[in-house]
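Okay, here's what each chain looks like letter by letter:
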Amino acid sequence: MPAVMADPLTLPRLPRLPESETGWRRVAKVVTAQRHLEGEGFQVRRPFPGTDLPLADPFLLLDHMGAVEYAPGEAMGTPWHPHRGFETVTYIIDGAFQHQDTSGGGGLISDGATQWMTAASGIQHIEQPPPELVAKGGLFHGVQLWVNLPRAQKWVKPRYQDIEARDVKLLAADDGSSLVRVIAGSLAGYDGPGVTYTPINYLHATVAPGARLALPWPREFNALVYVLSGRGTAGVEEIGIDEGQMAVFGGSQHKGEGDGLLLRAADSQPQGSPNGWEILILGGLPLREPVARYGPFVMNTREEIVQAFDDFQAGRMGTIPAEHVPHLSSADESLE
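Keep in mind the model is a prediction, meaning the values are calculated, not measured.

Undergrad: Give a description of the overall build of the protein chain that names residues and reports values.
TA: Helix and strand counts for the protein chain stand at 2 helices and 27 strands. For a compact globule of 336 residues, the expected C-alpha radius of gyration is about 20 Å, and the protein chain comes in at 19 Å, within 12% of that figure. Once the C-alpha set of the protein chain is aligned to its principal axes, its extents read approximately 60 × 45 × 40 Å. Here the protein chain, with 336 residues, has 56% of them falling under the buried criterion. For the protein chain, restricting intrachain contacts to residue pairs at least 6 apart in sequence, the fraction spanning at least 24 positions comes to 75%. When the accessible area of the protein chain is evaluated, it comes to approximately 13,900 Å², of which 51% is carbon and sulfur surface. Of the charged side chains in the protein chain, 26 are positive and 40 negative, and the gap between their average positions amounts to 5 Å.

Okay, here's the thing in C-alpha cells:
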C-alpha cells in the first residue's frame, strides 16, 4: 500500500488526550458494506447509502474499489455521465485512474493522490483506468466519497482540485506508532490540502499492529471509521471491525474539554495488511437539509431533480469532448 508512507517517528505528533477529561465517542452502529456493480461493470463495496445507513449527512455515498489484482483486459471504468449538487472525491491508494470533465479538469491520479470534483451546478465526467493497466493488469485500490453541498452552494461554478500525494499533511500518533494522512479538514490544528464547501474531516490512517490511536474530534461533527484492510476495534468499548465494515459513532454528551475517537489495531494483522490496520476516518457537520436524489443528481427538491434532467438533456452540463485546461492544485483554489 504505497499511499504516502513515511516514518511516523519523523512526523509531528498528535496531542496525548487526557483520559478523564475527554469525551470518548461510543460506537452507535456497525455497518457491513454491500457489494454493487458500477460503471462498466466493476465491483465496489458500499457501506452507505443502504438499508442500515440511508445517509451519513453530509456524506452521501462511499464506494470502496478493490483491493483487486486485475488480469490483462479486466480493468474497467465509467462512461461519460453527469452530476449536479454535490462533490465527488476519488482517493487512489494503489494503481491509477484517469479523470476528465467538461470544465477542462482532469489528469492521472495514482498512489496516494486525490481528485476532488465539485459538480455543483452541473458537469459531466469520465473515469477510466490508464491504457497500461488495461493492457498489462495490476493492483488497483481506491475509494470514492460523495460529499453533499449546502443548498446555497449547489449552484456554484464547477471546479476541480488535483491533490497530489506530496500535498497530504502527514502526522503521527501521540506515541509515534502510527501514521495519519490528513486529506481534508483539520486535525489538532494541522490542515489538509482539500478545499471544502461543507466542513468535513477526511483522514487515512495506518495503525501499527497492537497500537492505539486517539484522535481529537470536533464536537459538532459526526464520525465514521471504515476499514480498508486489516482488523481492529473502535471506541472505548472495543467493538471489533474488519475489512469492509464501518463503525458509526454516536454524538457526544460530554461537557468537558473536548471529544475524542479511540481506535486500536489487532495485535496480528492478515497477510494483506503488512503495515497495519488501514482505515478511513470521516466526519462532517451535518447539513440537516432536505435531500432529493435520483441517479447522478442530489438536490433539495423533486422539482430541482426534474430540472437537472432537463438541463442535462438540453446540453447545459458541458460539452463532450471537453477541452483540457491546466487545473489548479488545491493550494491555488479558494472558495471565491
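Undergrad: Before we move on, can you summarise the environment of V68 with the specific residues and values?
TA: Along the chain, V68 falls in strand β5 (residues 59–70). When the C-alpha positions of V68 and F140 are compared, they lie 5.5 Å apart, and in sequence the two are 72 residues distant. For V68, the contacting residues outside a window of four places in its chain are G138, L139 and F140.

Undergrad: With reference to specific residues and values, describe the sheet that holds strand β18 (residues 200–207).
TA: Pairing in this open sheet of 7 strands is antiparallel, and the strands run β2-β23-β20-β25-β18-β15-β14 from one edge to the other. Looking at the sheet topology across the chains shown, the edges are occupied by β2 (27–32) and β14 (169–172). Averaged over all pairs of adjacent strands, the angle between their axes in this sheet comes to 20 degrees, without regard to strand direction.

Undergrad: Any chance you could break down the environment of A214 for me, citing the residues and the numbers?
TA: Tracing the backbone through its elements, the reader meets A214 in strand β19 (residues 212–217). Classification of A214 as buried rests on a relative accessible area of 4%. Placed 139 residues apart in sequence, A214 and A75 show a C-alpha to C-alpha distance of 37 Å. Apart from the residues lying within four places of it in its own chain, the contact partners of A214 are L14, L17, W24, L261 and L262.

Undergrad: Account for the sheet that holds strand β8 (residues 96–101), naming residues and giving values.
TA: With antiparallel pairing, the 4 strands of this open sheet are ordered in space as β6-β11-β8-β9. Only two strands of the sheet have a single partner each, and these edge strands are β6 (81–83) and β9 (106–110). Each strand of the sheet is rotated relative to its neighbour by a mean of 30 degrees, with strand direction disregarded. Inspection of the sheet shows β6 paired to strand β11 (residues 123–128) by 3 bridges, in the antiparallel sense. Considered in β11, the bridge of H81 is made with H125.

Undergrad: So what's going on with the side chain of T114? Residues and values would help.
TA: Structurally, the position occupied by T114 is in strand β10 (residues 114–118). Accessibility expressed as a relative area gives 0% for T114, which makes it buried. Each residue touching T114, except ones within four places of it in the same chain, is listed here: V89, T90, Y91, I109, Q161, D162, I163 and I183.

Undergrad: Any details on helix α2 (residues 302–313)? Residues and values, ideally.
TA: In this model, α2 (12 residues) spans 17 Å end to end at C-alpha, consistent with the 16 Å of a helix rising 1.5 Å per residue. Of all the positions in α2, only E304, I305, A308 and D311 are classed as buried. When α2 is viewed along its axis, its buried side chains cluster within an angular range of 125 degrees and face the same direction. Relative to its buried face, α2 has exposed residues pointing more than 90 degrees away, namely R302, E303 and Q313.

Undergrad: With reference to specific residues and values, describe the pattern of salt bridges.
TA: Scanning the model with the defined rule gives 10 salt bridges in all. Across the pair R212 and E19 runs a salt bridge whose closest N-O atoms are separated by 2.5 Å. Of the two residues, R212 is situated in strand β19 and E19 in the segment before β1 (22–24); the sequence distance between them amounts to 193 residues. For D311, the salt bridge is made with R84, and the minimal N-O distance between the two is 2.9 Å. Residue D311 is found in helix α2, and its partner R84 is found in the loop between β6 and β7 (86–94); the two are separated by 227 residues along the sequence. For R84, a relative accessible area of 2% corresponds to the buried category. A network of salt bridges, in which partner residues are shared, links R25, R219 and D259.

Undergrad: Pulling in residues and values, what's your account of the environment of D311?
TA: For D311, a relative accessible area of 9% corresponds to the buried category. Counting along the chain gives 89 residues from D311 to N222, while the straight-line C-alpha distance between them is 34 Å. Leaving out residues up to four positions away in the same chain, D311 has contacts with R84, R316 and M317.

Undergrad: Now, about the nonpolar core: what can you tell me, with residues and values included?
TA: Judged by nonpolar contacts, the single largest core of 32 residues is most densely connected at F48, F59, L62, L145, Y202, L224 and L280. Sequence-distant contacts of L224, defined by excluding residues within four places in its chain, comprise F48, A56, F59, M246, A247, V248, L280, I281 and L282. V27, L187, V227 and L263 belong to the second-largest nonpolar core, a separate cluster that totals 29 residues.

Rules behind the numbers
- Residue positions within a chain follow its written sequence, with the count starting from 1.
- pLDDT decides what is reported in this predicted model: residues at 70 or higher carry local features, side-chain atom pairs at 80 or more are listed and counted, and totals for whole chains, interfaces and linings draw on all residues regardless.
- Each side-chain value is worked out from all heavy atoms of the structure, with water and hydrogens disregarded.
- In this description a helix means any DSSP run of H or I spanning at least four residues, a strand means any run of E spanning at least two, and both kinds are numbered starting from the N terminus.
- Every radius of gyration here is taken over C-alpha atoms, with the globule rule written as 2.2 Å times N^0.38, N being the number of residues.
- The classification of residues rests on relative accessible area computed with a 1.4 Å probe and restricted to protein chains. Under 20% of the type maximum is buried, over 50% is exposed, and intermediate values are partly exposed.
- It only takes one pair of heavy atoms within 4.5 Å for two residues to be counted as in contact.
- Accessibility throughout is a Shrake-Rupley quantity obtained with a 1.4 Å probe, and a residue counts as covered only by protein chains that appear here.
- Counting rule applied: Lys, Arg positive; Asp, Glu negative; His and chain ends not counted.
- For the purpose of locating charges, the reference atoms are NZ of Lys, CZ of Arg, CG of Asp and CD of Glu.
- Whether two strands pair comes down to DSSP finding at least two bridges between them.
- Here an axis means a line fitted to C-alpha atoms, over the contact stretch when the element is a helix, while the angle between two N-to-C directions is reported on a 0 to 180 degree scale.
- The span you would expect from a helix comes to 1.5 Å times its residue count less one.
- Throughout, the arc means that of the directions going from the helix axis to the C-beta atoms.
- Each salt bridge in this description consists of a side-chain nitrogen of Lys or Arg and a carboxyl oxygen of Asp or Glu lying within 4 Å of one another.
- By convention a nonpolar core is built from buried Ala, Val, Leu, Ile, Met, Phe, Trp, Tyr and Cys residues, the set being connected through side-chain atoms within 4.5 Å.

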